[in-house]
Amino acid sequence: MPEEQCDGCWIESTLDDTGKAACLLKWGPIRALLMPPVVLATARDLMSAAISAETDIALIGAFREEFRADDQMLGTVLKEVRERRPVLPTPSALRIHAVAGARTGKPLVHIGRGSMRGELTPDEAREMAVHWIQTATAAQIDVRLRYALGEWGRLNVVEVEELFALIRGVGR
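What you see is a predicted model; the values in this text were computed from it and never measured.

## Thoughts on the pairing of strand β2 (residues 9-15)
Bridge count for β2 against strand β3 (residues 21-27) is 7 bridges, and the pairing is antiparallel. Opposite Cys-9, over in β3, you have Trp-27 as the bridge partner. Here β2 hands over to β3 after 5 residues, with Gly-19 in that stretch at a positive phi of 90 degrees.

See below:
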């Protein structure tokens, strides 16, 4: 299947089959149930890629101005810098790459999963990261609330789900 460009990559809090906290990723035809640590790792990687893309653009500008560096030299320097960046152990839910447009002068963050791909500005990547952090946190809180509401015996499962639907609707 060819890669598709997509504007809407969505994530929401939910539960897995055992009632544990989870997040549902929806992006075009892709549906993936993710655990909160993976969602948080993805947010970390989005933030890191935003910083890296901006740093790479600044590096390109400085090398061009100070050393009159050509594209070949810039490519070598960026490769060296990127190889020195730490590789973090927790896997991300998305393919995330910092991109420095040597010709355009624009920092970008490329994301992908399966056949889907997207391109974000560093600020958009940061906004997306914040949303993913909030969703992972909400998933964990939702599980605890469901447990607490059920434990008190005041609400049955259907009423708890109706309450959560009502709460979700308030913010929209």
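## With respect to the environment of Ala-139
As for its placement among the helices and strands, Ala-139 is situated in helix α3 (residues 122-151). Between the C-alpha atoms of Ala-139 and Pro-36, which are 103 residues apart in sequence, the distance is 7.4 Å. Beyond its immediate sequence surroundings of up to four residues, Ala-139 is in contact with Ser-13, Thr-14, Ala-21, Ala-22 and Cys-23.

## Examining helix α2 (residues 71-84)
In this model, α2 (14 residues) spans 20 Å end to end at C-alpha, consistent with the 20 Å of a helix rising 1.5 Å per residue. Among the residues of α2, Leu-74, Val-77 and Leu-78 are the ones counted as buried. Buried positions in α2, seen along its axis, are confined to an arc of 100 degrees and lie on one side of it. Seen from the open side of α2, the exposed residues pointing more than 90 degrees away from its buried face are Gln-72, Lys-79 and Glu-83. Where α2 is buried, its residues meet α1 (36-67).

## Side note on the packing of α1 against α2
Contact geometry for α1 and α2: axes closest at 11 Å, N-to-C directions at 140 degrees. It follows from the interaxial angle that α1 and α2 lie oblique. Between α1 and α2 lies a crossing whose hand is right-handed. Touching Asp-56, Leu-59, Ile-60, Phe-63 and Arg-64 of α1 are Asp-71, Met-73, Leu-74, Val-77, Leu-78, Val-81 and Arg-82, all from α2. Considering only residue class, the contact of α1 with α2 consists of 8 nonpolar, no polar and 4 charged.

## Notes on the environment of Arg-85
Along the chain, the position of Arg-85 falls in the loop between α2 and β5 (95-100). Beyond its immediate stretch of four places on either side in the chain, Arg-85 contacts Ser-52, Thr-55 and Asp-56.

## A few points about the side chain of Thr-135
Inspection of the secondary structure assignment puts Thr-135 in helix α3. The class of Thr-135 is buried, set by a relative accessible area of 6%. In this view, Thr-135 contacts Ile-11, Glu-12, Ser-13 and Cys-23; residues no more than four positions away in its chain are not counted.

## Brief notes about the pairing of strand β6 (residues 107-113)
One ladder, built from 6 bridges, connects β5 with β6; its direction is antiparallel. Its bridge partner being in β6, Arg-95 is matched across the sheet by Gly-112. In the sheet, β6 pairs with strand β7 (residues 116-120) via 5 bridges, with the strands oriented antiparallel. Note that in β7 the partner of Val-109 across the bridge is Leu-120. Counting the residues between successive antiparallel strands, the hairpin from β6 to β7 contains 2 residues, one of them, Gly-114, with a positive phi of roughly 55 degrees.

## Here's the deal with the confidence of the model for the protein
Averaged over every residue, the pLDDT of the protein is 86; residues scoring 70 or more account for 88%. The secondary-structure element of the protein with the lowest mean pLDDT is strand β1 (residues 4-5), recorded at 38, while strand β4 (residues 30-34) shows the highest, at 97. Segment residues 1-6: pLDDT under 50, and 16 contacts once partners within four positions in sequence are set aside and those in other chains are kept.

What counts and what doesn't
Residues numbered from 1 in each chain as written. Predicted model: local features only at pLDDT ≥ 70, side-chain atom pairs only at ≥ 80, totals over all residues. Heavy atoms only, no water. Pairing = 2+ DSSP bridges. Helix = DSSP H or I, 4+ residues; strand = E, 2+ residues; numbered from the N terminus. Contact = heavy atoms within 4.5 Å. Expected span 1.5 Å × (residues − 1). Buried < 20%, exposed > 50% of the residue type's maximum accessible area, 1.4 Å probe, protein only. Arc of directions from axis to C-beta. Axes fitted to C-alpha atoms, helices over the stretch in contact; angles between N-to-C directions. Parallel < 35°, antiparallel > 145°, perpendicular 65-115°, else oblique. Left-handed = near helix turned anticlockwise from the far one by under 90°. Nonpolar A, V, L, I, M, F, W, Y, C, P; charged D, E, K, R; others polar. pLDDT = per-residue confidence, 0-100.

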